[in-house]
Amino acid sequence: MKSQISNVVSDFFFEYETQRQVLVRNRRVGVVCRLIQLGVLGYIIGWVFIYEKGYQSTDTAVSSVYTKMKGVGYTNRSGLEQIWDVADYVFPSQGDASFVVMTNFILTENQTMGKCPELPGKDNCSTDAECEEGRFKRHMTGLCLKQTGTCEVLAWCPVENDATIPDPPLLMSAENYTLFIKNSITFPLFDVTRSNLVEGIDGKYISKCLYHPDNDPLCPIMRLGDIVKFSGFNFTTIAKVGGAIGILVDWTCNLDRAVRHCKPFYTFHGLYGNPGETDRARASVGYNFRYAKHYMEEGQAKRTLIKVFGIRIDIIVQSLARKFDIIPTLTAIGSGVGIFGVATIVCDLVLLYVLPKREFYKNMKYKYTDTHQQDVDSEEGSTEKEADTIEKEAAKE
Amino acid sequence: MKSQISNVVSDFFFEYETQRQVLVRNRRVGVVCRLIQLGVLGYIIGWVFIYEKGYQSTDTAVSSVYTKMKGVGYTNRSGLEQIWDVADYVFPSQGDASFVVMTNFILTENQTMGKCPELPGKDNCSTDAECEEGRFKRHMTGLCLKQTGTCEVLAWCPVENDATIPDPPLLMSAENYTLFIKNSITFPLFDVTRSNLVEGIDGKYISKCLYHPDNDPLCPIMRLGDIVKFSGFNFTTIAKVGGAIGILVDWTCNLDRAVRHCKPFYTFHGLYGNPGETDRARASVGYNFRYAKHYMEEGQAKRTLIKVFGIRIDIIVQSLARKFDIIPTLTAIGSGVGIFGVATIVCDLVLLYVLPKREFYKNMKYKYTDTHQQDVDSEEGSTEKEADTIEKEAAKE
Amino acid sequence: MKSQISNVVSDFFFEYETQRQVLVRNRRVGVVCRLIQLGVLGYIIGWVFIYEKGYQSTDTAVSSVYTKMKGVGYTNRSGLEQIWDVADYVFPSQGDASFVVMTNFILTENQTMGKCPELPGKDNCSTDAECEEGRFKRHMTGLCLKQTGTCEVLAWCPVENDATIPDPPLLMSAENYTLFIKNSITFPLFDVTRSNLVEGIDGKYISKCLYHPDNDPLCPIMRLGDIVKFSGFNFTTIAKVGGAIGILVDWTCNLDRAVRHCKPFYTFHGLYGNPGETDRARASVGYNFRYAKHYMEEGQAKRTLIKVFGIRIDIIVQSLARKFDIIPTLTAIGSGVGIFGVATIVCDLVLLYVLPKREFYKNMKYKYTDTHQQDVDSEEGSTEKEADTIEKEAAKE
């Protein structure tokens, strides 16, 4: 019993199976098939491996972004000179990846909680009945004020008048603000951590550089006016009504090369309402929000309401790292061999069904086991001789 | 030499190899194998290609979200009528993807830095010794105040009393606020940019529509009360203690179709403490945070502390675009051919080891090279004749 | 006609093709090929299936994070005792995934808009001409003030003096603050929702636990001092100048096991300027931003400017779920069969080109169709006999 098993094992190890093949010497079929096979081989090597780098596995990064604006704005409203620094014009102040730089605003100062008339033009009325209590957008008191011809509302008074947006925008000086981006990414699969302050971007370089797509593509300091320009907006327009810009930080890294080649690439896009792109320029353009500074004056709660028009900047990190990995490599090779099989099938179809000598090749390729003679029809008469031989061989068992 | 190379090349191009095969005419094996092969074919075509769209490559989007709340809240606390507008009830104010809508609050006004007794019930004491200095949660002065029977603390005084949460919630009117979502996505691999303001969602439609899953599934304006309802919460409950809701914007796009079919799909989920789902309703429910408005009064720094209970809304963008790509197509075909090979192996096992005529089929399939006669054991006697023939052929070399 | 079709169909179903193979009995080739084949099989089963779990498809989660800090800070600046609570030291206050905990600060109180001299050391001047109007960083008035020897600027006055950072940091007590993290994730492909408050993490446990990597790895409450320590920073240093820490919440889940095994794993990393890691410790360290509290005093707008040095914490959720899926399973098997084919090709090359009896094996494996005798060169004389036989067979057609 034991020797039988060892026999089977030694048989298994000392034997080797290989397919028997027909070597068809036919110019037409040969050339066609070799070209198909070379095409498949070219596709696998050239496209899958070299162009698409199919031997690599991919990973996306987890990322963290910190931003810092610099620069001072200046407004002169009817002789009132004012300075706006970072603490005044950036929302939120703590340096998030998404923030708003105020470029224009409508101030409504000294608001107190109380009752006052609506603005002329809105909720015009002639009788109290028209000023129903509890309407959705305003809280009506139910009185129609004769003086203004508008309903009285319970609100922060005086009511904000945002009919006219200051033009030119009050903070055109925002064009010269600079944005500093710090971005740290980690590819967890490959355990690679990178910062956008790559090799060569040291404190000295940062202190004097300014981002330019061609000359300083790695400088993390960008002028706001440039950002707006690169994203296709006009600064005066966007500064007036606001807008949203995405700064895409693209980390496309081939980690088979030295890690120092893994560098960020910055691109700039209008996010909602990009001019000239029909599928982007849609229904809603502009960006604004309201913000209140609360204070107490003579025991009374007051606030300054600011309708902020600004440039919202979203730092969007997009990442794709690739590195050699045995699994995708062998998967690509394995499925490539499969496609080779498909090429062979195509050639076989030509050989067996298209060529004039197809019956001859069929005989070469196939051996028939005609033990169920009822299944054999006249077409296969030509195989009888071979079938006979087989019958004889089979009889010897 | 040159003619020899050209010979080899012409041989290579004018030749073509194809496998020699046995055509087994056996009803049982034939039916079994054909069914297995048809099953594999059906799986590859039906499942991998049609159902799972294995001929497509996939990409996820980079996205940017901007939100805007509208609506006015009204509170009447002991006769003090007050209005709450967007600048008062949304945190943060600049329209982030994640924000909180205040629905209830506990105000502690006119706090100044100083020393005052703890609230009764907390840190009760009878001797100074019980009021150790520098305890973790409060900063004790070490005095036990007789009047209140509690320790004295250094704190913003008076100390906030948040034992009782206002019920019903003060800002029930929040139910009628509306949320406007602007979402812009880009699939970098396919270079497709979409906005949730898709074709047909123009300014006119937006000005009057309200999101409804069946009637207006693409309207980007949603009533807060509806959002709460769709996510399975009760508005009164969530408004009182707060809660977190995720608005999932699902972009599942087949980019082989026209890009206008790539539309967002909104779903609503309770994020922490979803009622009725045991694995979601856990330990911590409610959502609150503290917020202070600082001001100066008569040279003294004061603040109004607000414990905000609110609905936190996270706009979560989930995206998956698919598009025809030659690589996954050929990989699927290639590995499909491989699985075909597995089917053949299974059939061969049946043919060679299960069928009664297995020895016959073995002879049909295999040709033996018995040059090492010591390896041939008695079982293979039936192959001797063929082996002999081979010996003779080999001898002719 | 109909019977002919049914004939073809029955032929198709009752037939089965299998390759004809040569069983080579040769110790050397056998052992080499079997080892190669076993290696491939071992790779497919061991590596692709067991180690890399190639039978599973993967998904990443959509996630939502809510944070809450607790603890009270205390400062004593020249006898002025002050308490800092959550509303004072966390930016922003609403519990975002990314926030800053203030640990040190430079206060500039009672700033009013006006004209005042620059700080000594900056913009030193001796004549008005040196103080050009409209310089970038400051808004000069064009006057050189004799008293200070510096230019006069239009600014919030007095100008902030941030030359000296308080050392030791003012809010060293921040070390004892605690951070509570709530994280909710959903794997959309597998429809699995999980919270970091997993089974067993109930209200009672949360009320007394403190995160520790070994003892309490699932406790969602972390001491700030521990977070800093785990991320490799020194608390005093980071508290003084600020820094950024990423808390990675890693959800690597095998959903073929019970869902309760899908648990978060917390790790801590310095984000910009991690000490000791050369590729992380770069150009910019420290973290600060400016923040203003505005108020009115005697009808005049004033502000308190705070330069905040703090620890920025980013909760970064990283997720990867795997679950059995038929498609990757069959793709892996299919391409595995393909790689098997590659192994066979390698063995064939050895058999046909390396072994001494290669001509013999070539004859065994190949059958030649030498109908174009002009293509046959002398090397292939040994195949003439077989070719003759074929010619005869072909003639019978």
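Remember, predicted model here, so these are calculated numbers, not experimental data.

Peer 1: I'd love a proper account of the packing of helix 7 (residues 326-354) of chain A against helix 8 (residues 358-365) of chain A, names of residues and values included.
Peer 2: Residue and element names in this part refer to chain A. One way to put it is that helix 7 packs onto helix 8 with a least axis distance of 6 Å and a crossing angle of 125°. By the angle between their axes, helix 7 is oblique relative to helix 8. On helix 8, the residues that touch Asp348, Leu351, Leu352, Tyr353 and Val354 of helix 7 are Arg358, Tyr361, Lys362 and Lys365. The residue makeup of the contact of helix 7 with helix 8, split by class, is 5 nonpolar, no polar and 4 charged.

Peer 1: Could you give me a rundown of the interface of chain C and chain A, with the residues and numbers involved?
Peer 2: Across the contact, 89 residues belong to chain C and 77 residues belong to chain A. Summed over both partners, the interface of chain C with chain A comes to about 7,600 Å²; 55% of that surface belongs to carbon and sulfur atoms. Taking the shortest distance from any N to any O, the salt bridge between C:Arg303 and A:Asp85 comes out at 2.4 Å. Linking chain C with chain A are 12 residue pairs in polar contact (both at pLDDT 80 or more), by the criterion used here. Broken down by element, the side of chain C that touches chain A gets its largest block of residues, 11 residues, from helix 2 (residues 27-51) of chain C. Looking at the side of chain C that touches chain A residue by residue, the classes come out as 44 nonpolar, 19 polar and 26 charged. For strand 1 (residues 15-19) of chain A and strand 2 (residues 21-25) of chain C, the ladder comprises 5 bridges, and the chain directions are antiparallel. Among the inter-strand pairings, A:Glu15 is bridged to a residue of strand 2 of chain C, identified as C:Arg25.

Peer 1: Got a sec to walk through the relation of the copies chain B and chain A? Specific residues and values, please.
Peer 2: Here chain B sits on chain A after a turn of 120° about the axis and a move of 0.0 Å along it, with an RMSD of 0.2 Å. Put plainly, the chains are arranged around a three-fold axis.

Peer 1: Give a description of the interface of chain B and chain A that names residues and reports values.
Peer 2: Between chain B and chain A, the residue contacts involve 77 residues of the former and 90 residues of the latter. Counting the surface lost from both chain B and chain A, the interface buries some 7,700 Å², and carbon and sulfur atoms represent 55% of this. Three residues stand out in chain B for area buried against chain A, namely B:Tyr16, B:Arg20 and B:Arg25, and they jointly supply 12% of the buried area on that side. For the pair chain B and chain A, the interface holds 2 salt bridges. The partner of B:Asp88 in a salt bridge is A:Arg303, with the nearest N and O atoms 3.1 Å apart. Across the contact surface, chain B and chain A share 12 residue pairs in polar contact (both at pLDDT 80 or more). Per-element tally for the side of chain B that touches chain A: the top contributor is helix 7 (residues 326-354) of chain B, with 8 residues. Class assignment for the residues of the side of chain B that touches chain A results in 32 nonpolar, 21 polar and 24 charged.

Peer 1: With reference to specific residues and values, describe the packing of helix 2 of chain C against helix 7 (residues 326-354) of chain C.
Peer 2: Residues and elements named next belong to chain C. It is at 10 Å that the axes of helix 2 and helix 7 come closest, and there the two elements cross at 160°. Here helix 7 runs roughly antiparallel to helix 2, going by the angle between their axes. Helix 2 and helix 7 meet at a crossing whose hand is right-handed. Between helix 2 and helix 7, the contacting residues are Val29, Cys33, Ile36, Gln37, Val40, Leu41, Tyr43, Ile44, Val48 and Phe49 on the first element and Thr329, Ala332, Ile333, Gly336, Ile339, Phe340, Ala343, Thr344, Val346, Cys347 and Leu351 on the second. Broken down by class, the residue content of the contact of helix 2 with helix 7 amounts to 17 nonpolar, 4 polar and no charged.

Peer 1: For the environment of B:Phe190, give the residues involved together with the corresponding values.
Peer 2: Topologically, B:Phe190 is positioned in the loop between strand 11 (178-187) and strand 12 (192-195). When residues no more than four places from it in sequence are discounted, the contact partners of B:Phe190 are B:Ser57, B:Thr58, B:Asp59, B:Leu255, B:Ala321, B:Arg322 and B:Lys323.

Peer 1: Just give me the short version of the side chain of B:Gln21, but keep the residues and values in it.
Peer 2: In this fold, B:Gln21 is placed in strand 2 (residues 21-25). We classify B:Gln21 as buried; its relative accessible area is 13%. Contacts of B:Gln21, omitting those with residues within four sequence positions, involve A:Lys365, A:Tyr366, A:Lys367, C:Glu17, C:Thr18, C:Gln19 and C:Arg20.

Peer 1: Tell me about the pattern of salt bridges, residues and numbers included.
Peer 2: Residue and element names in this part refer to chain A. Counting across every chain of the model gives 28 salt bridges over all chains. We note a salt bridge from Lys307 to Asp162, for which the minimum N-O separation is 2.8 Å. Here Lys307 is found in strand 17 (residues 300-324), whereas its partner Asp162 is found in the loop between strand 10 (150-157) and strand 11 (178-187), with 145 residues between them in sequence. Take Lys307: its relative accessible area is 10%, and that puts it in the buried class.

Peer 1: Please provide a residue-by-residue account of a nonpolar patch on the surface, values included.
Peer 2: Together, A:Phe12, C:Leu35, C:Leu38, C:Leu41, C:Ile45 and C:Ile50 make up a nonpolar patch on the protein surface, roughly 550 Å² of accessible area in all. At 5 residues, helix 2 of chain C tops the list of elements feeding residues into the nonpolar patch. With respect to the helices and strands, C:Leu41 occurs in helix 2.

Peer 1: Now, about the packing of aromatic side chains: what can you tell me, with residues and values included?
Peer 2: Each aromatic ring pair is specified by the distance between its two centres and by the angle formed by the two planes. Applying the stated criterion across every chain, the model contains 36 aromatic pairs over all chains. Relative to A:Phe105, the ring of A:Trp84 has its centre 4.7 Å away and its plane inclined at 50°; by these criteria the two rings are tilted. A residue pair is termed long-range when its members are at least 10 positions apart, and A:Trp84 in strand 6 (residues 80-84) and A:Phe105 in strand 8 (residues 98-117) qualify at 21 residues. A:Phe105 matches A:Trp84 in its accessibility class, with the two residues each being buried. Residues C:Phe230 and C:Phe268 carry aromatic rings whose centres are separated by 5.3 Å and whose planes lie at 40° to one another, so their mutual orientation is tilted. Taken together, the positions of C:Phe230 in helix 5 (residues 224-230) and C:Phe268 in strand 15 (residues 265-270) put the pair 38 residues apart, joining distant regions of the chain.

Peer 1: Mind laying out the nonpolar core, listing which residues take part and the relevant values?
Peer 2: Of all hydrophobic cores here, the largest spans 49 residues; its most connected members are C:Phe187 and C:Ile247. A total of 6 residues in this core trace back to one element, the largest contributor, which is strand 17 (residues 300-324) of chain C. Ignoring anything within four residues of it in the chain, the contact list for C:Phe187 reads C:Asp59, C:Thr60, C:Ala61, C:Val192, C:Trp251, C:Cys253, C:Cys262, C:Ser319, C:Leu320 and C:Ala321. In terms of nonpolar packing, the next biggest core, distinct from the first, is built from 48 residues, B:Val100, B:Ile247, B:Cys253 and B:Cys262 among them.

Peer 1: Kindly report on the state of the cysteines, identifying the contributing residues and their values.
Peer 2: Residues and elements named next belong to chain A. Under the definition given, this model contains 15 disulfides over all chains. For Cys125, the disulfide goes to Cys144, at an S-S distance of 1.9 Å. On the sign convention where negative is left-handed, the bridge of Cys125 and Cys144, at about 95° about the S-S bond, is right-handed. One end of the pair, Cys125, is in the loop between strand 8 and strand 9 (139-145); the other, Cys144, is in strand 9, and 19 residues separate them in sequence. A relative accessible area of 12% places Cys125 in the buried class.

Calculation rules
In this convention, every chain numbers its residues from 1, walking through the sequence in written order. By the order in which they are written, chains take letters starting at A while ligands take numbers starting at 1. Restriction of local features to residues with pLDDT of at least 70 applies here, the model being predicted, together with a cutoff of 80 or more for giving and counting side-chain atom pairs; totals for whole chains, interfaces and linings are based on all residues. Excluded from the side-chain calculations are hydrogens and water; all other atoms, namely the structure's heavy atoms, are used. Axes here mean lines fitted to C-alpha atoms, for a helix over just the part in contact, with angles spanning 0 to 180 degrees between N-to-C directions. Where helices and strands are cited, they refer to DSSP runs of H or I of at least four residues and of E of at least two residues respectively, numbered from the N terminus. These descriptions rest on fixed angle ranges, namely under 35 degrees for roughly parallel, over 145 for roughly antiparallel, 65 to 115 for roughly perpendicular, and the rest for oblique. Here a residue-residue contact requires only that any non-hydrogen atoms of the pair lie within 4.5 Å. In the scheme used here, Gly and all other residues not listed as nonpolar or charged are polar, with Ala, Val, Leu, Ile, Met, Phe, Trp, Tyr, Cys and Pro taken as nonpolar and Asp, Glu, Lys and Arg as charged. Accessible surface is computed with a 1.4 Å probe, and the buried area is the amount of it that two parts give up when combined, taken over both parts together. The term salt bridge refers to a pairing of a side-chain nitrogen on Lys or Arg with a carboxyl oxygen on Asp or Glu at a separation within 4 Å. In protein, a polar contact requires one atom able to donate a hydrogen and another able to accept it; more generally it is a pair of N or O atoms within 3.5 Å, and residues adjacent in sequence count only if both atoms are side-chain atoms. Note on pairing: two strands pair once DSSP finds at least 2 bridges between them. Here the copies are matched by least squares. The fit uses the C-alpha atoms of residues with pLDDT of at least 70 in both. When the near helix sits turned anticlockwise from the far one by under a right angle, the crossing is termed left-handed; a clockwise turn instead gives a right-handed crossing. Only protein chains enter the accessibility calculation, which uses a 1.4 Å probe; a residue whose area is less than 20% of its type maximum is buried, one above 50% is exposed, and one in between is partly exposed. Note that patches include only residues with greater than 30% relative accessible area and no salt bridge, and the join distances are 9 Å for like charges and 5 Å for nonpolar side chains (Val, Leu, Ile, Met, Phe, Trp, Tyr). Per-residue accessibility takes into account occlusion by the displayed protein chains alone, with areas from the Shrake-Rupley method and a 1.4 Å probe. Pairing of aromatic side chains requires ring centres within 6.5 Å, counting the rings of Phe and Tyr and the six-membered ring of Trp. Pairs whose planes differ by under 30 degrees are stacked, by over 60 edge-to-face, and all others tilted. We call a set of buried residues a nonpolar core when its members are Ala, Val, Leu, Ile, Met, Phe, Trp, Tyr or Cys and they connect through side-chain atoms within 4.5 Å of each other. The rule for a disulfide is simple: a pair of cysteine sulfur atoms within 2.5 Å.

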